[in-house]
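These are the residues of each chain, in order.
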Amino acid sequence: MTPPPQLLKLIIALFTLFLNSSSASSPNPLTPSTPRPMILPLFLSHPNTSTAPHRNYHRRELQRSDTLNHPNARMRLYDDLLLNGYYTTRLWIGTPPQRFALIVDTGSTVTYVPCSTCRQCGNHQDPKFQPELSSSYEPVKCNVDCKCDNEGAQCVYDRTYAEMSSSSGVLGEDIISFGNESNLVPQRAVFGCENVETGDLFTQHADGIMGLGRGDLSVVDQLVGKHVISDSFSLCYGGMGIGGGAMVLGGISPPSDMVFAHSDPARSLYYNIDLKEMQVAGKTLPINPRVFDRRHGTVLDSGTTYAYLPEAAFTAFKDALMRELISLRQIRGPDPNYHDICFSGASSNVMELSKTFPTVDMVFGNGQKLSLSPENYLFRHSKVRGAYCLGIFQNGKDPTTLLGAIVVRNTLVTYDREHKKIGFWKTNCSDMWETLHMSDVSPPPPLLSSPNSTSEIPPSIAPAESPHPNIPVSGESPIGLIIFDMSIGMKYLDLKPHITELANFIAQELGVNKSQVHLLNVTSDGDSSVMRWAISPVQSAEYISNATVTSIISQLSEHRLQLPDTYGNYKLLEWSVQPLQTRTWLKQHYIALVASVAVVLTLGMSVMGAWFIWKKRQESLNLYKPVDTVVAEQELQPLQ
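Residues numbered from 1 in each chain as written. Predicted model: local features only at pLDDT ≥ 70, side-chain atom pairs only at ≥ 80, totals over all residues. Heavy atoms only, no water.

All right, on to the pattern of salt bridges then. Following the criterion strictly, the structure yields 13 salt bridges and no others. One salt bridge in this structure joins Arg-417 and Asp-231, with 2.8 Å as the shortest N-O distance. Of this pair, Arg-417 sits in the loop between strand 29 (411-416) and strand 30 (421-426) while Asp-231 is found in the loop between helix 4 (219-225) and strand 13 (232-237), placing the two residues 186 residues apart along the sequence. When sorted by exposure, Arg-417 lands in the same class as Asp-231, which is buried. Notably, a salt bridge pairs Lys-283 with Glu-324, separated by 3.6 Å at the nearest N-O pair. With Lys-283 in strand 18 (residues 283-284) and Glu-324 in helix 5 (residues 311-324), this pair connects stretches of sequence that are 41 residues apart. The exposure class assigned to Lys-283 is exposed, which follows from its relative accessible area of 53%. A network of salt bridges, in which partner residues are shared, links Arg-74, Arg-76 and Glu-181. (Salt bridge = Lys/Arg side-chain N within 4 Å of Asp/Glu carboxyl O. Helix = DSSP H or I, 4+ residues; strand = E, 2+ residues; numbered from the N terminus. Buried < 20%, exposed > 50% of the residue type's maximum accessible area, 1.4 Å probe, protein only.)

Here is the structure:
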């Protein structure tokens, strides 16, 4: 008996639905899966309202990325985590480009820089952004998808952070460029133009924030939305030895031994991982795994310096660590305002810390394990050599587990947003490009056209970056000079009588002769002074050895100079190395030349002197005249 057509259609529909659901739950690894929507935040507000925007969640499908066919933006990182509290990168905005040093922050969604119209902005590294000087700048006009200013003309933003600093301003759109190591062409993007900043944002040296979090205003989301990069980015922070690092906007081929943790974008706006347990020296901490899964879960935040655990986890971690360090002496921290847990008696060599401090392991939900070296949970004591302090703290009464940048030093962290996972790979971040076999030569990107202009904008609108001062290695040009700027917490008039003494202290701390330390310049900066110093080779050498350069730069970048308290606090601002200058024949032989000239002059003067003396003697022999010679009468002088 043939079933009715309606029943037959129903059976076919149910069978098709069953096949689709089965294929969705068990996709063929050889075929691309159907794109799944990601839930992303969209902030909405009505025009002419000054209240905070309410939050709506909209579904948006992101195109599946092809890592091999998308370019990426390779960008260097600068500064030092514990010296500055952050890492920065360089971004260029506008036509012609204006450069900015921005803190890379996975916990922020907005990228912003101080605007020329700012009523309350601090003194930062670079000049404020001047929209009127950029031919490609456009304000973002008020619309239903943004919070508007009081006049209802332009979109605005405002952000407040946990340490109570804040930033607010207007939204604009312009061309952003990523530096001369990127093969990603400049792109138009929306960013914040600051009018007011408070707290740490006002006093920091960096210009602003580069938001890498999830959200429509995030640089990553904007580039992914234009389909110019794959939905991924990576950060690699330098270790305790050397600051700096690298960043990649876009996908990279992950190393085969990279450890991955699941990240759930629907749970939180922040990048989270499914941490299940922690181990100290191979022993699992006696805590409930749920402790890492409360509130926002375990959050990765590159804009936070240290790590913070819930109370139960921190207590168990501290107790386990103390049991492993009974051979070390516990001492007070460098700042009396904080109750840091510090230990003395360890080696000052970072490579030997693992002989004293235990390995700490983080175990994820899939069973994979991330091993933390001592540099991932310790920081140097600034006043006691060979002493270290715990860089993991209790997160007050907040149940969130917050992993700051210290946890991932010398670790490549890949935020694979498309596949909802975050990867970790231990490496030396100072040479990440070479380790990943990424070419240093980028193909010239095509020309970009401004949407409101027929003129072409060259891809090289981002000027060449200043060379990153890497530690020299064998085969490179020898170093002839190390130059660094430092801020001293003393007024210039008070400091002036002690400059020679200070130079001797610096020489002693850096392990060089005091004749190698030279003061180049001093400028007054209110109650402090900014000093530029140079370290030259010893008198018996033409250049500074690699070992000496490495030692000096490590101490400078890690803030390890221990100066007397009378000089107040000091801060390293910048440092650079200069290669040995090739000297001309005249410079190479000027000493011998000067000596030869001196000898010739001495001999010449000696000959002339001898001749003069001989002539005088000859004249004295003819002083008496013959008797018959007529001599003119001379007037006698009166006797005295």
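Right, picking up where we left off after that structure.
This part takes up the sheet that holds strand 34 (residues 517-525). Read across the sheet, four strands follow the order 34-35-33-36 without closing on themselves; strand pairing throughout is antiparallel. At either margin of the open sheet sits one strand with a lone partner, and together these are strand 34 and strand 36 (570-579). This sheet shows a mean twist of 15° between the axes of neighbouring strands, independent of strand direction. Here nine bridges tie strand 33 (residues 479-488) to strand 36, and the two strands are oriented antiparallel to one another. (Pairing = 2+ DSSP bridges. Axes fitted to C-alpha atoms, helices over the stretch in contact; angles between N-to-C directions.)

Counting residues in each nonpolar core, the largest one holds 82 residues, and the members touching the most others are Leu-249, Phe-317, Phe-357 and Phe-424. Here this core takes six residues from helix 5, the largest share from any one element. When residues of this core are assigned to domains, at least three fall in each of domain 1 (82-229) and domain 2 (258-407). Excluding anything up to four places from it in sequence, Phe-317 contacts Met-278, Val-280, Leu-285, Leu-309, Val-360, Leu-390 and Ile-392. Of all hydrophobic cores here, the second largest spans 30 residues; its members include Leu-83, Phe-484, Trp-533 and Ile-553. (Core = buried A, V, L, I, M, F, W, Y, C linked by side-chain atoms within 4.5 Å. Domains from an automatic or database assignment. Contact = heavy atoms within 4.5 Å.)

Now for unusual backbone geometry. The step from Thr-95 to Pro-96 runs through a cis peptide bond, and the omega angle for that step is -5°. As for its placement among the helices and strands, Pro-96 is situated in the loop between strand 4 (88-93) and strand 5 (98-105). A positive phi angle, close to 60°, is found at His-227, a residue other than glycine. The partly exposed category is assigned to His-227, whose relative accessible area is 43%.

Tallied over the full model, the rule gives six disulfides. Put simply, Cys-115 and Cys-193 are joined by a disulfide, and their sulfur atoms are 2.0 Å apart. Between Cys-115 and Cys-193, the disulfide has an S-S torsion of 80° and is therefore right-handed. Taken together, the residues Cys-115 in the loop between strand 6 (112-114) and strand 7 (138-139) and Cys-193 in strand 11 (residues 187-198) connect sequence positions 78 residues apart. As far as burial versus exposure is concerned, Cys-115 and Cys-193 are alike and both buried. When the cysteines of the protein that form disulfides are numbered from the N-terminus onward, they connect as 1-8, 2-3, 4-6, 5-7, 9-12, 10-11. (Disulfide = S-S within 2.5 Å.)

Further remarks concern the pairing of strand 4. On a regular strand, one side chain projects to one face of the sheet and the next to the other, so that they alternate. With six of six residues buried, strand 4 lies mostly within the body of the structure. The side-chain alternation of strand 4 yields two buried faces, one formed by Thr-88, Arg-90 and Trp-92 and the other by Thr-89, Leu-91 and Ile-93. Strand direction decides the pairing type here: strand 4 and strand 5, joined by six bridges, are antiparallel. The residue bridging Leu-91 from the neighbouring strand is Phe-100, located in strand 5. Hairpin remark: strand 4 followed by strand 5, antiparallel, with four residues in the connecting loop; positive phi at Gly-94, about 100°. With two bridges connecting them, strand 4 and strand 10 (residues 166-177) associate as antiparallel partners. Paired with Ile-93 across the bridge in strand 10 is Ile-176.

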